[in-house]
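If you want the building blocks of each chain, they are given just below.
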Amino acid sequence: MKPNDYLPHEVQIVARVQEAPDIFTLRLRFTDLAHHARYHFDAGQFNMLYLHGVGEVAISIASDPKDTHLIDHTVRVVGRVTKALAQLQTGDYLGLRGPFGRGWPMAAAQGRDVLLITGGLGCAPVVSVVHYVLRRRAHYARLVIMQGVKHTHDLIWRRQYDTWAAAPNTQVLLTADQTGQGWPFNTGLVTQLIGQAQFDPANAVAMLCGPEGMMRATAQALQERGLPDHDIWLSMERNMHCAVGHCGHCQFGSSFICKDGPVYPLPEISHLLGVKGF
Amino acid sequence: MNHFLAREDFPHLLSALTQAGYGCVGPQIRQGAIVFDHLHSVTQLPQGWQDEQQPAHYRLQQTDSPYWFNWSNGASAIKPYTFAPQENLWTVQRDQSGRLRFQATLPQPQKTAIIGVRACDLAALALQDQHFLHGKHVDPYYQARRESLLLIGVNCTHAAATCFCVSTGDGPDIRQPYDLLLSEIAAGFLLSSGSTAGATLAAQLPLTPASDAQQHTAQQRMQAATQQQRHLPAKPPLFAHLDHPHWQTVGARCLACGNCTSVCPTCFCHQAVEIPDLDGDTSRHERRWDSCFQPGHSYIHGWQIRSNATDYYRQWLTHKLAGWHEQFGRSGCTGCGRCISWCPAGIDLTAEVEQLV
């Protein structure tokens, strides 16, 4: 039997966690336990989740690659499929195929400072890296977590940030564009925090996730701090249908984001980053 | 080209193919154009017909010549025979407890011999093979269709005004693998085989050794097709000219109909479509050809990366002529000229590139 990367496998929702009013996490397990045992992924890769009769959607994997128990997907309600996914409950069944794409450079980052910089909502792909680094704390030098959100209520996992800030050799910097009372963190864009980040530009890897304008501005601020382009990694997002580099929707110049990305070192995409229409 | 098959003996090829279990597909005239369809008899072949192509113009004219293949091409390449315009990928059945049973619906195509494949279309097929079969992920649907094909190429003897395969290096003579290769002269065909399947078929035909004179005539006729009016630069640096004002000029003319991507033999974009049955439990997951000229092509949670004809055209052309070099080691254009003829606005890829670089 030839492999068919287009065919989903059945998974069951083992747990469902409401993270914020429009953000939830689905914890999944393949009903075919042998398939579950064979399933491996890298941090930063994604799966195609299929909802019966509705269709597929690309969702990054939020759990730890070494956690063989469950596969977590943190989802924000933005479109047709995610809206329908939000209605599901524990015990319901979905289709899943994956993992796809290139993940974060976790091996290359070993022994170096790790900067995780996110903008916008949630940014599950990077939260999975936070967990990854904290569980292997000795393998990495400093950990700097920077997150910018639009509104203060967009910050999910708020309690976790306190835990992370207390971890050894870890710095947490949070900011919101629009702040209200009781917001103990910064006000403004995440790029404005780069000056406060403590890292060694000669021995650091930055991982960026968020709107492209935010990532471009962040990359520039990091360049100004002396971080080389090849140590700046970005998670890109485009329309995805097939996830195997065949259907053409996610093309970014000469790259298929689903197959060659979604995570890229800056030099591979800088020529088109921010160019309208690509 | 060592063998000769007389024109009156051509039906032997059809019957040899049929006996070997192949369904035959060949060129014929439908709705005023050359199309590929089931071929049962040589009388269906477009004897004496020639195409006249210009930007936004395609007409056939009958001549009294004896030739069956003295035309350049029609709207459709052989792409639909490997990359189906519409293909069911899988079905899923939901039971009463909500469990999902997925079932792949791989095609089981009949062995098919395509007669009259052109050099540009074989070059395009090689590119589609690279895309669907030789990358990180193998497409089993394409693969099943591809493996069912036997390819009988015919060297071109007539170039339309829209042809430019000489400048892309893909024709007019066939340069990619084939099973059988034909060159047409008045009395019949010079024939050579390029595979075991082709050789097995050739062995059943009443062939004679091709004379020097016949080979010379075939060469001369092919030479005529090398006289082409259009030219495409080898590697136009389009990504270095993304702000060129001519993109706007083309965008203002472009109707965003997607004809160019439909007739292009190398375009591979497709979309996934979910079709739930009325019973609510069965659902089909289908793919259909898509086009980067469609607004939904670049849709991403609530907005579109590209939303106007200028952006569509720039995406298409930069990909086809520049992006492909990095993805596939060569241009995505094989010089067939279909996008020029079938563009209702007469947008001419070769002329636009000239303006853009």
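This one's a predicted model, so the numbers in the text were calculated from it and none came from an experiment. Here the residue numbers are simple positions, counted from 1 along each chain's written sequence. The lettering of chains begins at A and the numbering of ligands begins at 1, in the order of writing. Where local features are concerned, this predicted model is filtered to residues with pLDDT of at least 70; where side-chain atom pairs are given and counted, the filter is 80 or more; whole-chain, interface and lining totals use all residues. Each side-chain value is derived from all of the structure's non-hydrogen atoms; neither hydrogens nor water enter the calculation.

Undergrad: Could you give me a rundown of the sheet that holds strand 1 (residues 9-20) of chain A, with the residues and numbers involved?
TA: Residue and element names in this part refer to chain A. Taken together, the six strands give an open sheet; going across it, the order is 4-3-6-1-2-5, and neighbouring strands pair in antiparallel fashion. Because the sheet does not close on itself, it has two edges, and the strands there are strand 4 (55-60) and strand 5 (71-76). Pairs of neighbouring strands in the sheet enclose a mean axial angle of 40°, with direction left out of account. Here strand 2 (residues 23-30) pairs with strand 5 via six bridges, running antiparallel. Directly across from Ile23, in strand 5, lies its bridge partner Arg76. The rule for pairing is simple: two strands pair if DSSP sees at least two bridges between them. A helix here means a DSSP run of H or I that spans at least four residues, while a strand means a run of E at least two residues long, and both kinds are numbered starting from the N terminus. Interaxial angles span 0 to 180 degrees and are taken between N-to-C directions of axes, which are lines fitted to C-alpha atoms, for helices over the stretch in contact.

Undergrad: So what about the side chain of Thr112 of chain B? Which residues, and what values?
TA: Relative to the assigned elements, Thr112 of chain B resides in strand 8 (residues 112-117). Polar contacts, as used here, are pairs of N or O atoms within 3.5 Å; protein pairs need one atom able to donate a hydrogen and one able to accept it. Residues neighboring in sequence count only if both atoms are side-chain atoms. In terms of polar contacts, Thr112 of chain B uses its side chain to reach the backbone carbonyl oxygen of Gln110 of chain B, at 2.9 Å.

Undergrad: Residues and numbers for helix 2 (residues 119-132) of chain B, please.
TA: Take the number of residues in a helix, subtract one, and multiply by 1.5 Å to get its expected span. End to end, helix 2 of chain B covers 20 Å across 14 residues, agreeing with the expected 20 Å (1.5 Å per residue, within 8%). Burial here depends on accessible area, computed with a 1.4 Å probe over protein chains only, as a share of the maximum for the residue type. Under 20% is buried, over 50% is exposed, and the range in between is partly exposed. Most of helix 2 of chain B sits inside the fold, with 12 of its 14 residues counted as buried.

Undergrad: So, the UniProt feature "binding site: [2Fe-2S] cluster" (unreviewed entry) in chain A: which residues are in play, and what are the values?
TA: UniProt positions are given in the numbering used here, feature names are shortened, and annotations may be inferred rather than shown by experiment. In the numbering used here, UniProt assigns the feature "binding site: [2Fe-2S] cluster" (unreviewed entry) to Cys242, Cys247, Cys250 and Cys258 of chain A. A compact arrangement is adopted by the annotated residues: their sequence extent is 17 residues, whereas the largest C-alpha distance between any two is 10.0 Å. Along the chain, Cys242 of chain A falls in the loop between strand 12 (232-235) and strand 13 (251-252). Contacts are residue-level and defined by heavy atoms, with any inter-residue pair within 4.5 Å sufficient. Those residues in contact with Cys242 of chain A, other than ones at most four positions away along the chain, are Tyr6, Arg97 and Cys247 of chain A together with His270 of chain B. Mapped onto the elements of the fold, Cys247 of chain A is located in the loop between strand 12 and strand 13. Since its relative accessible area comes to 3%, Cys247 of chain A is described here as buried. Setting aside residues up to four positions removed in sequence, Cys247 of chain A forms contacts with His241 and Cys242 of chain A together with Phe268, Cys269 and His270 of chain B.

Undergrad: Can you break down empty space enclosed by the protein residue by residue, with the values?
TA: Residue and element names in this part refer to chain B. Within this scheme a cavity is a closed region of a 1 Å grid, computed over the protein atoms alone, that accommodates a 1.4 Å probe without allowing it to escape, whereas a pocket is open but has protein on both sides within 12 Å along at least five of seven lines; lining residues each have an atom within 4 Å of a point. Grid points are joined across faces, edges and corners, and a volume is the space filled by probe spheres set on the points. Under the counting rule described, the total for this entry stands at six cavities of 30 Å³ or more. Roughly 130 Å³ of internal volume is contained in the largest cavity. Along the wall of the largest cavity there are 15 residues; nearest its centre are Cys254, Cys260, Tyr313, Cys343 and Ile347. Amino acid classes used here: Ala, Val, Leu, Ile, Met, Phe, Trp, Tyr, Cys and Pro are nonpolar; Asp, Glu, Lys and Arg are charged; the rest, including Gly, are polar. Residues belonging to the lining of the largest cavity are distributed by class as follows: 14 nonpolar, one polar and no charged.

Undergrad: Account for the pairing of strand 7 (residues 100-104) of chain B, with residues named and values stated.
TA: For a regular strand, side chains alternate in direction, first toward one face of the sheet and then toward the other. Relative to strand 7 of chain B, strand 6 (residues 86-94) of chain B runs antiparallel, the two being bridged by five bridges. Along strand 7 of chain B, the bridge assignment pairs Val92 of chain B with Phe102 of chain B.

Undergrad: Tell me about the domain arrangement of chain B, and please be specific about residues and values.
TA: Residue and element names in this part refer to chain B. Here the bounds of each domain stem from an automatic or database domain assignment. As far as domains go, chain B holds domain 1 (3-86 + 107-227) and domain 2 (238-269 + 292-356). With centres defined by C-alpha atoms, the gap from domain 1 to domain 2 works out at 27 Å. Contacts between the two partners involve 29 residues from domain 1 and, on the opposite side, 29 residues from domain 2. Summed over both partners, the interface of domain 1 with domain 2 comes to about 2,200 Å²; 59% of that surface belongs to carbon and sulfur atoms. Salt bridge, as used here, is a side-chain nitrogen of Lys or Arg placed within 4 Å of a carboxyl oxygen of Asp or Glu. Inspection of the region where domain 1 meets domain 2 yields two salt bridges. For Asp170, the salt bridge goes to Arg330, with nearest N and O atoms at 2.8 Å. In this assembly, domain 1 and domain 2 are joined by 19 residue pairs in polar contact (both at pLDDT 80 or more). Listed by contribution, the elements that provide at least two residues to the side of domain 1 that touches domain 2 are strand 4 (49-54), strand 5 (57-62), helix 2 and helix 4 (165-168). Accessible surface is computed with a 1.4 Å probe, and the buried area is the amount of it that two parts give up when combined, taken over both parts together.

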